[in-house]
Amino acid sequence: MLDRPLPEGVRRRVVALVADAFGGLTVAELPPQLRQYARFTPSRRARFAGNAMAAALESHTFFRQRVGDRLREAEPELAAAVESGTVPAAANPVDVAAVAYVLRPAGWAKLVAAAGEEAQRVRAEQADEEAAREVRTLREELAEARATARREAERARAELEASRKESDVLQRKLRSAVSDIRRGEAALRKSAAELESVRNHAAQEKATADSEARRLKARLAEAESALEASRRAVREGRSVEDMRLRLLLDTVLDAAQGLRRELALPPASSHPADSVDAVEPGRMTPKDIATRALSETDPALLDQLLALPQAHLVVDGYNVTKTGYPTMPLEKQRLRLLGGLAVLAAQTGAEMTCVFDGAELAAPVLLAPPRGVRVLFSKPGQTADELIRRLVRAEPPGRPVVVVSADREVADGVARAGARPVASTLLLKRLSRT
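Residues numbered from 1 in each chain as written. Predicted model: local features only at pLDDT ≥ 70, side-chain atom pairs only at ≥ 80, totals over all residues. Heavy atoms only, no water.

*Asks:* So, the overall build of the chain: which residues are in play, and what are the values?
*Replies:* For the chain, the count of helices and strands is 14 helices and five strands. Evaluated residue by residue, the chain yields a buried proportion of 25% over its 434 residues. Taking as baseline every contact in the chain between residues at least 6 positions apart, the subset at least 24 positions apart corresponds to 58%. A total accessible area of about 30000 Å² is found for the chain, and carbon and sulfur atoms account for 56% of it. (Helix = DSSP H or I, 4+ residues; strand = E, 2+ residues; numbered from the N terminus. Buried < 20%, exposed > 50% of the residue type's maximum accessible area, 1.4 Å probe, protein only. Contact = heavy atoms within 4.5 Å. Areas by Shrake-Rupley, 256 points an atom, 1.4 Å probe, with all protein chains shown as cover.)

What follows is the structure in structure tokens.
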């Protein structure tokens with residue numbers, strides 16, 4: 001055993017040898033505290049696990065033996081010489097001590113101690129040589145500094161003499177300049193008095209101009225107020241007349257539509273010539289017409305409904321998304337459905353309203369509605385079905401309203417209010433074609 005710590009150079013060499021041999025060992029051959037460094041490079045292992053590897057080498061005999069096996073493979077000649085006790089004279093003492101510390105042959109402690117003493121002797125010799133070189137360098141620098149100082153002193157004396165001569169010239173110039181400054185100060189005081197007189201006169205004129213400008217601004221503000229009042233009166237009068245005309249026109253149109261529904265009048269599309277019995281070219285029989293009827297699951301039915309004038313499509317959002325793509329998160333369900341409705345709105349020009357159940361929302365939904373689609377969430381305590389029925393009741397009688405929902409109760413309720421219910425699968429089929 002060693003009676004003193006490893007010399008620092010020998011310790012660094014031991015850590016480097018262990019770090020190089022580390023990569024050739026399996027995880028099972030490593031001590032538990034070193035397994036976390038198994039994937040490190042040798043340089044990183046030496047930097048971050050040096051102390052841990054030195055401790056493991058001392059306390060784990062099997063680990064030291066496996067490192068020794070790897071060392072014998074990497075340095076066979078040096079390892080054989082150390083184990084046989086015949087160390088080459090030209091070998092580095094630090095390398096010899098590091099190999100002896102890992103392999104632990106007979107007398108290894110003496111080898112390590114001798115290597116430490118040799119390393120200290122080498123360091124001492126190097127320090128002496130370095131000190132001698134430093135002394136020589138300092139002597140050369142001192143001689144050069146002395147020569148430089150003599151040159152600088154001579155130059156400083158010459159500059160001092162020149163400065164004295166220049167100082168005499170500057171003093172004469174200074175006395176002349178002081179005389180000129182005094183004359184200039186007298187002229188400046190005279191100019192300042194004249195400037196103060198001009199400023200007082202300008203301040204009086206500015207005060208007069210400001211007073212006139214305020215009077216003109218007041219008159220301009222009065223004129224602008226009068227002009228704005230007259231424009232507002234004209235706009236209000238025009239908007240009132242437009243509103244009255246529009247209300248009268250809507251009343252007449254609603255009355256005509258109500259009268260048509262009340263009397264159940266068919267469209268006035270027949271003429272006397274149509275009553276003459278004859279065969280018209282291209283005329284279809286009732287059987288042919290029956291074959292053209294669309295089923296309730298045909299997406300073309302939705303296109304026909306949305307082609308009606310002023311059609312309004314109301315969509316039960318979660319009913320459709322949970323039917324079509326129930327495994328997606330709610331946020332992605334909403335985005336996918338709204339993207340399809342935006343394309344459908346652009347294709348058909350119909351009004352689109354998508355309703356989602358907002359009763360379980362813990363915070364406002366950060367959602368930008370796409371172009372052409374109105375997005376609504378039900379209030380707390382209210383379901384999406386109730387909001388859909390309120391939307392249908394808000395529409396005027398006679399307007400085509402199509403409600404998409406697979407909920408039978410919703411479909412029956414909107415049908416009683418005059419809307420046309422369709423299944424959610426029908427909308428999903430239609431969106432799959434966009």
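What follows continues from the structure just given.
*Asks:* An account of the side chain of Asp316 is needed here, citing residue identities and associated values.
*Replies:* Note on placement: Asp316 falls in strand S1 (residues 312-316). The side chain of Asp316 is buried and forms no salt bridge, while Arg389, the nearest opposite charge, is found at 8.6 Å. A polar contact of 3.3 Å, which involves the side chain of Asp316, links it to the side chain of Ser405. Excluding its chain neighbours within four sequence positions, the residues that come into contact with Asp316 are Val355, Ala384, Asp385, Ile388, Val404 and Ser405. (Lys, Arg positive; Asp, Glu negative; His and termini not counted. Salt bridge = Lys/Arg side-chain N within 4 Å of Asp/Glu carboxyl O. Polar contact = N/O pair within 3.5 Å; in protein donor to acceptor, adjacent residues only side chain to side chain.)

*Asks:* Talk me through the packing of aromatic side chains; I want residue IDs and the actual numbers.
*Replies:* This model, assessed by the stated rule, comprises two aromatic pairs. The ring of Tyr318 carries Lys322 above its face, with NZ or CZ at 5.4 Å from the centroid. (Phe/Tyr/Trp six-rings, centres within 6.5 Å; stacked < 30°, edge-to-face > 60°. Lys NZ or Arg CZ within 6 Å of the ring centre and 35° of its normal.)

*Asks:* Could you give an account of the nonpolar core, with specific residues and numbers?
*Replies:* Membership of the largest hydrophobic core comes to 29 residues, with the highest contact counts inside it found for Leu313, Val315, Leu337, Leu341 and Leu427. When residues of this core are traced back to their parent elements, those giving at least two are helix H9 (299-306), S1, helix H10 (317-324), helix H11 (330-348), strand S2 (351-356), strand S3 (373-377), strand S4 (401-404) and helix H14 (424-431). In terms of residues, this core owes the most to one element, H11, which gives six residues. Look past the residues within four positions of Leu427 in its chain and what remains in contact with it is Leu302, Val315, Val320, Leu341, Leu344 and Val404. Formed by 24 residues, the second largest nonpolar core is a distinct cluster that contains Ala19, Leu30, Leu57 and Leu71. (Core = buried A, V, L, I, M, F, W, Y, C linked by side-chain atoms within 4.5 Å.)

*Asks:* Any details on the pattern of salt bridges? Residues and values, ideally.
*Replies:* Under the definition given, this model contains 13 salt bridges. The partner of Asp303 in a salt bridge is Arg433, with the nearest N and O atoms 3.1 Å apart. Taken as a pair, Asp303 in helix H9 and Arg433 in the segment after H14 lie far apart in primary sequence, 130 residues in all. Judged by relative accessible area, which is 23%, Asp303 ranks as partly exposed. Residue class for Arg433 comes out partly exposed when judged on its relative accessible area of 47%.

*Asks:* Provide a residue-level description of the sheet that holds strand S5 (residues 420-422), including the pertinent values.
*Replies:* Strand order in the open sheet made by the five strands is S3-S2-S1-S4-S5, with parallel pairing throughout. In the strand order of this sheet, the two ends are held by S3 and S5, each with one partner. Along the sheet, successive strands turn relative to each other by an average axial angle of 20 degrees, direction set aside. Of the pairings in the sheet, the one linking S1 to S4 comprises four bridges and is parallel in character. Among the inter-strand pairings, His312 is bridged to a residue of S4, identified as Val401. Here H9 sits on the sheet and contacts S1, S2, S4 and S5; the angle it forms with S5, its principal contact strand, is near 155 degrees. (Pairing = 2+ DSSP bridges. Axes fitted to C-alpha atoms, helices over the stretch in contact; angles between N-to-C directions.)

*Asks:* How would you summarise the environment of Asn51 if you had to cite specific residues and measurements?
*Replies:* Relative to the helices and strands, Asn51 resides in helix H3 (residues 50-59). Along the sequence, Asn51 and Arg11 sit 40 residues apart, while their C-alpha atoms lie 9.8 Å from each other.

*Asks:* Account for the packing of H10 against H11, with residues named and values stated.
*Replies:* Where H10 meets H11, the axes come as close as 10 Å, and the angle between the chain directions of the two elements is 100 degrees. Taken together, the axes of H10 and H11 lie roughly perpendicular to each other. Of the residues in H11, those in contact with Gly317, Tyr318, Val320, Thr321 and Lys322 of H10 are Leu330, Gln333, Arg334 and Leu337. (Parallel < 35°, antiparallel > 145°, perpendicular 65-115°, else oblique.)

*Asks:* So what's going on with H11? Residues and values would help.
*Replies:* A rise of 1.5 Å per residue sets the reference length of H11, with its 19 residues, at 27 Å; its end C-alpha atoms lie 27 Å apart and thus fit the reference within 8%. If you check which residues of H11 are buried, you get Gln333, Arg334, Leu337, Leu338, Gly340, Leu341, Ala342, Leu344 and Ala345. Buried residues in H11 make contact with H9, S1, H10, S2, S3 and H14. Phi turns positive one or two residues past the end of H11, at Gly349, with a value near 75 degrees. (Expected span 1.5 Å × (residues − 1).)

*Asks:* A description of unusual backbone geometry should follow, citing residues and the corresponding values.
*Replies:* Notably, Gln310 is not glycine yet its phi reads approximately 55 degrees, a positive angle. Checked against the element boundaries, Gln310 lands in the loop between H9 and S1.

*Asks:* So what about the packing of helix H12 (residues 384-394) against helix H13 (residues 408-416)? Which residues, and what values?
*Replies:* Each pair of packed helices can be summarised by the angle the axes make with each other and by the distance between the axes. In contact at an axis separation of 10 Å, H12 and H13 are set at 15 degrees when each is read in the N-to-C sense. As summarised for this structure, H12 and H13 are arranged roughly parallel, according to the angle between their axes. Here the hand of the crossing between H12 and H13 comes out right-handed. Of the residues in H13, those in contact with Asp385, Ile388, Arg389 and Val392 of H12 are Glu409, Val410 and Val414. Partitioned by chemical class, the residues of the contact of H12 with H13 number four nonpolar, no polar and three charged. (Left-handed = near helix turned anticlockwise from the far one by under 90°. Nonpolar A, V, L, I, M, F, W, Y, C, P; charged D, E, K, R; others polar.)

*Asks:* Explain the pairing of S2 residue by residue, including any values.
*Replies:* In terms of burial, S2 is largely enclosed, as five of its six residues are buried. Pairing of S1 with S2, which is carried by five bridges, proceeds in the parallel orientation. Note that in S2 the partner of Asp316 across the bridge is Val355.

*Asks:* Hey, could you go over H9 for me, with residue numbers and the actual values?
*Replies:* Pro299, Leu301, Leu302, Leu305 and Leu306 are the residues of H9 that are buried. Buried residues along H9 cover an arc of 150 degrees about the axis, so they all sit on one side. Those residues of H9 that are buried lie in contact with S1, H11, S2, S4, S5 and H14. (Arc of directions from axis to C-beta.)

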